[in-house]
Amino acid sequence: MAIISHIRCPKCHSLNLYKFGKNPLGRQKYQCKECKRQFTSYSSSFKHRDYPRCPKCDKATFIHHDYKFYTNFWYGDKSCYHSFSVVKLENINPTSSQSLIGKLSFKRMRFNLHIILTALNLYFICNSSTRQASTFLLQTQNTKVSHVTISKWVKKFTPMFEVIKNRFIPSINFNSDEWHADETVIKISGKRYYIWFVVDSETRFVVAFHLSPFRNHTQAYTLFNHAKALGILKLL
């Protein structure tokens, strides 16, 4: 094989190369005899991608591994050998908590506001079931409300409680340095689902949650991508 004298290896910068066929686009491929790295030559019209520079030595980098959710970059100079990763935010789906559907207003409701808020507080804050909330309203307010109606209220006004939670986040004192993440299996209409949580260790505040029929790394990336926004707020 003929040795190429005007092209250097992008990994070890060696000139000891030989031709190694062509890629599907028809560009000439080379292989380094020193480090065995394979690379492709580019024409003068090729526009080099704007890869991030090495955070350690501030030199140009190349892609070491390209995955679905992140890209691993590397600068292979012997004085550095630094590797780092950049997350692909566009490939991470939003959590189920970010796609809640419902009402943000109590207008045109048959029951008055006090009855609805009492039932919602019993369910969300006091951990009461819909049947217990129905019994409580009948005994204390002399108002007969079906547990099915209360269940519909819970689904309908869930986004409102999400808005209230977001308003209180800046005032919460996250005085811990640890978050606990875990998932558990639940059944909805006879089907298995996984509910994912990230909880602050001191305040027990639910930083993020995600409901999914799967338990894999894709769902984990989705959960932590949503939780990291609050982590940035915490650092500020």
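Treat the numbers as computed from the prediction; the structure is a model and nothing was measured. (Residues numbered from 1 in each chain as written. Predicted model: local features only at pLDDT ≥ 70, side-chain atom pairs only at ≥ 80, totals over all residues. Heavy atoms only, no water.)

1. Observations regarding the overall build of the protein chain
Here comes step 1: A tally of helices and strands in the protein chain yields 5 helices and 10 strands.
Here comes step 2: Out of the 236 residues in the protein chain, the part that is buried amounts to 32%.
Here comes step 3: Look at the contacts in the protein chain between residues 6 or more apart in sequence, and 36% of them connect residues 24 or more apart.
Here comes step 4: Here the protein chain displays about 16,100 Å² of accessible surface, and carbon together with sulfur accounts for 54% of that area. (Helix = DSSP H or I, 4+ residues; strand = E, 2+ residues; numbered from the N terminus. Buried < 20%, exposed > 50% of the residue type's maximum accessible area, 1.4 Å probe, protein only. Contact = heavy atoms within 4.5 Å. Areas by Shrake-Rupley, 256 points an atom, 1.4 Å probe, with all protein chains shown as cover.)

2. Things to note about the pairing of strand β10 (residues 206–212)
Here comes step 1: Pairing analysis gives 6 bridges linking strand β9 (residues 191–200) to β10, with the strands arranged antiparallel. Along β10, the bridge assignment pairs V198 with A208.
Here comes step 2: Between β9 and β10, which pair antiparallel in sequence order, lie 5 residues; one of them, R204, sits at a positive phi of approximately 60°. (Pairing = 2+ DSSP bridges.)

3. Notes on the nonpolar core
Here comes step 1: By size, the foremost hydrophobic cluster in this structure holds 15 residues, and its most contacted members are I116, V145, I150, W153 and F157.
Here comes step 2: Where this core is concerned, the elements lending two or more residues are α1 (113–124), α2 (130–140) and α3 (147–156).
Here comes step 3: Among the elements that make up this core, the one with the highest residue count is α1 (5 residues).
Here comes step 4: Among all residues touching F157, those that are not within four sequence positions of it are K103, S105, F106, M109, I116 and L120.
Here comes step 5: The next biggest cluster of nonpolar side chains, apart from the first, holds 11 residues, and it includes F205, A208, L223 and A227. (Core = buried A, V, L, I, M, F, W, Y, C linked by side-chain atoms within 4.5 Å.)

4. Structural notes on the confidence of the model for the protein chain
Here comes step 1: Per-residue confidence for the protein chain gives a mean pLDDT of 80, with 88% of residues at or over 70.
Here comes step 2: Element-level pLDDT for the protein chain is lowest in strand β1 (residues 3–4), with a mean of 50, against a maximum mean of 93 in α2.
Here comes step 3: With pLDDT under 50 throughout, residues 43–48 is counted as low confidence; its partners more than four residues away or in other chains account for 1 contact. (pLDDT = per-residue confidence, 0-100.)

5. Overview of unusual backbone geometry
Most peptide bonds take the trans form, and the phi angle of most residues other than glycine is negative.
Here comes step 1: Of note in the backbone geometry, K36 takes a positive phi value of approximately 65° without being a glycine.
Here comes step 2: Even without a glycine there, the phi angle at N127 is positive, about 55°.
Here comes step 3: One can find N127 in the loop between α1 and α2.

6. With respect to the packing of α2 against α3
Here comes step 1: Where α2 contacts α3, the axes come no closer than 8 Å and their chain directions differ by 115°. For the element pair α2 / α3, the angle class is roughly perpendicular. Pair α2 / α3 crosses with right-handed handedness. Across the interface between the two elements, T130, R131, A133, S134 and L137 from α2 touch H147, I150 and S151 from α3. (Axes fitted to C-alpha atoms, helices over the stretch in contact; angles between N-to-C directions. Parallel < 35°, antiparallel > 145°, perpendicular 65-115°, else oblique. Left-handed = near helix turned anticlockwise from the far one by under 90°.)

7. As for the pattern of salt bridges
Here comes step 1: On inspection of all chains with the given rule, the structure shows 3 salt bridges.
Here comes step 2: Notably, a salt bridge pairs R53 with D58, separated by 3.6 Å at the nearest N-O pair. (Salt bridge = Lys/Arg side-chain N within 4 Å of Asp/Glu carboxyl O.)

8. Structural notes on the state of the cysteines
Here comes step 1: Going through the model one piece at a time under the given rule, you end up with 0 disulfides.
Here comes step 2: Between C9, a cysteine without a disulfide, and C35, which holds the nearest cysteine sulfur, the sulfur-to-sulfur distance is 3.6 Å.
Here comes step 3: A residue is classified by how much of its surface remains accessible, and C9, at 1% relative accessible area, is buried. (Disulfide = S-S within 2.5 Å.)

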